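Chain by chain, the residues:
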Amino acid sequence: MITIVLADDHPVVRSGLRALLDSISGLTVVAEAADGRAAVRLAVEHRPDVLVMDIQMPGLDGIEATRQIVRTAPETAVLMLTMYEDDDSVFSAMRAGARGYLLKGAQQNDIAQAIRAVASGQAVFGPGVARRVLGFFATPPAARHPFPGLTARERDVLDLIAAGRPNGEIAHRLAIAPKTVANHISSIFTKMQVADRAEAIVRARDAGLGRS
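Residues numbered from 1 in each chain as written. Predicted model: local features only at pLDDT ≥ 70, side-chain atom pairs only at ≥ 80, totals over all residues. Heavy atoms only, no water.

### A few points about the sheet that holds strand β4 (residues 77-82)
Move 1: The strand order β2-β1-β3-β4-β5-β6 describes an open sheet built from six strands, whose pairing is parallel. Looking along the sheet, the strands with just one partner apiece sit at the ends: β2 (27-33) and β6 (124-125).
Move 2: Note: β4 against strand β5 (residues 100-103), four bridges, orientation parallel. Counted as the bridge partner of Leu81 is Leu102 from β5.
Move 3: Along the sheet, helix α1 (residues 11-22) contacts β1 (2-7), β2 and β4; its crossing angle with β2, the most-contacted strand, is approximately 160°.
Move 4: In the packing of helix α2 (residues 36-46) onto the sheet, the strands contacted are β1, β2 and β3 (50-53), and the crossing angle to β2 comes to about 135°. (Pairing = 2+ DSSP bridges. Helix = DSSP H or I, 4+ residues; strand = E, 2+ residues; numbered from the N terminus. Contact = heavy atoms within 4.5 Å. Axes fitted to C-alpha atoms, helices over the stretch in contact; angles between N-to-C directions.)

### Description of the pattern of salt bridges
Move 1: Scanning all chains against the criterion turns up twelve salt bridges.
Move 2: Measuring nitrogen to oxygen at the nearest pair gives 3.1 Å for the salt bridge that ties Glu32 to Arg14. Linking Glu32 in strand β2 with Arg14 in helix α1, this pair joins segments that are 18 residues apart in sequence.
Move 3: For Arg14, a relative accessible area of 13% gives the class buried. (Salt bridge = Lys/Arg side-chain N within 4 Å of Asp/Glu carboxyl O. Buried < 20%, exposed > 50% of the residue type's maximum accessible area, 1.4 Å probe, protein only.)

### Digging into unusual backbone geometry
Move 1: In this structure, Ala175 takes a positive phi of about 55° despite not being glycine.
Move 2: Mapped onto the elements, Ala175 comes out in the loop between α8 (167-174) and α9 (178-192).
Move 3: For Ala175, a relative accessible area of 70% puts it in the exposed group.
Move 4: In this structure, Gln193 is a non-glycine residue whose phi angle is positive, near 60°.
Move 5: Looking at the secondary structure, you find Gln193 in the loop between α9 and α10 (197-206).

### Structural notes on the nonpolar core
Move 1: The biggest cluster of nonpolar side chains holds 26 residues, and the ones touching the most others in it are Ala7, Leu51, Met53, Ile69, Met80 and Tyr101.
Move 2: Where this core is concerned, the elements lending two or more residues are β1, β2, α2, β3, α3 (62-72), β4 and α4 (87-96).
Move 3: A per-element tally of this core places α2 first, with five residues. (Core = buried A, V, L, I, M, F, W, Y, C linked by side-chain atoms within 4.5 Å.)

### Here's the deal with the pairing of β1
Move 1: Burial within β1 is extensive, with five of its six residues counted as buried.
Move 2: Inspection of the sheet shows β1 paired to β2 by six bridges, in the parallel sense. If you follow Ile2 over to β2, its bridge partner there is Leu27.
Move 3: Between the parallel pair β1 and β2, the chain is carried across by α1, and the sense of this crossover is right-handed.
Move 4: Strand direction decides the pairing type here: β1 and β3, joined by four bridges, are parallel. (Right-handed = clockwise from strand over helix to strand, strands pointing away.)

### Observations regarding α10
Move 1: Those residues of α10 not exposed but buried are Ala200, Ile201 and Ala204. End-on, the buried residues of α10 take up no more than an arc of 100°, which puts them together on one face.
Move 2: In this structure, the buried residues of α10 make contact with α7 (152-162) and α9.
Move 3: You can read the cap of α10 off the contacts: a side-chain oxygen lies 3.3 Å from the backbone nitrogen of Ala198, and it is on Asp196.
Move 4: Remark: Gly208 follows α10 within two positions and exhibits a positive phi of approximately 95°. (Arc of directions from axis to C-beta. Polar contact = N/O pair within 3.5 Å; in protein donor to acceptor, adjacent residues only side chain to side chain.)

### Description of the packing of α3 against α4
Move 1: The N-to-C vectors of α3 and α4 enclose an angle of 15°; their axes lie 8 Å apart at closest approach. In terms of their interaxial angle, α3 and α4 are classed as roughly parallel. Between α3 and α4 the crossing geometry is right-handed. Contacts between α3 and α4 pair Ile63, Thr66, Arg67 and Val70 from the former with Ser89, Ser92, Ala93 and Ala96 from the latter.
Move 2: Per-class residue counts for the contact of α3 with α4 are four nonpolar, three polar and one charged. (Parallel < 35°, antiparallel > 145°, perpendicular 65-115°, else oblique. Left-handed = near helix turned anticlockwise from the far one by under 90°. Nonpolar A, V, L, I, M, F, W, Y, C, P; charged D, E, K, R; others polar.)

Structure (C-alpha cells):
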C-alpha cells in the first residue's frame, strides 16, 4: 500500500484527489495539508511514501516545503501537481528535490502512475514539462543568477528592495498586489535565511542587485 499526503490550498482540489486516489487499489491518502508548513509537519508525522504538492500555497510555498521535506523526511517522495509550467517553477522544484512534476490537467491514470513511479524511486515529468527539461539540457547554460533558489519574480522584488523601494512602489512597478509583494518578501527572507529587510538588502547589494 502506497501512503499519500495531499498538499493544496484548495479544498475542492484536495477532496477530488482524495476521492480519486482512495478509489485506486494500492493507494491510500493518510492526511491533507492546506499550506506548506502543514505539509512539512504531516510529512514528518506520517512519513508517507509520496507527498502530492501544489506550488502556490499560503505561508510556505511548495518549493520551500519540498526543500524542508527532503531534509527532514527524505524517505518521502514529493510529486508536484500544479498549474504552473514556467521554467522557474519547474527547475526550482527540481533543485528543491521533487521527484516528479505534473500539471493539474493531467489524466487520472497519469497521476496514479506518477505516484507509483516516484514511490519506487523514479523521476516523472508530464509531457510539456519533459520538453522543457530536454530543451534546457539541449541549450547552452545561461549566466548564473545571484540567489538561484529565488524565482525570477522574487529576484525582481529583491532587486527593488535592495534599491530601497517601499512595498507600495514595488507593487506599482511590477503591477502586482501589495499582498503579493508581502508574500514574495516572506518567501525571499526564508530562502535567503535572513532575519529582516536590512540583512536582505546588504546581501543583495553585495551580489550586485539594487544598482539599476
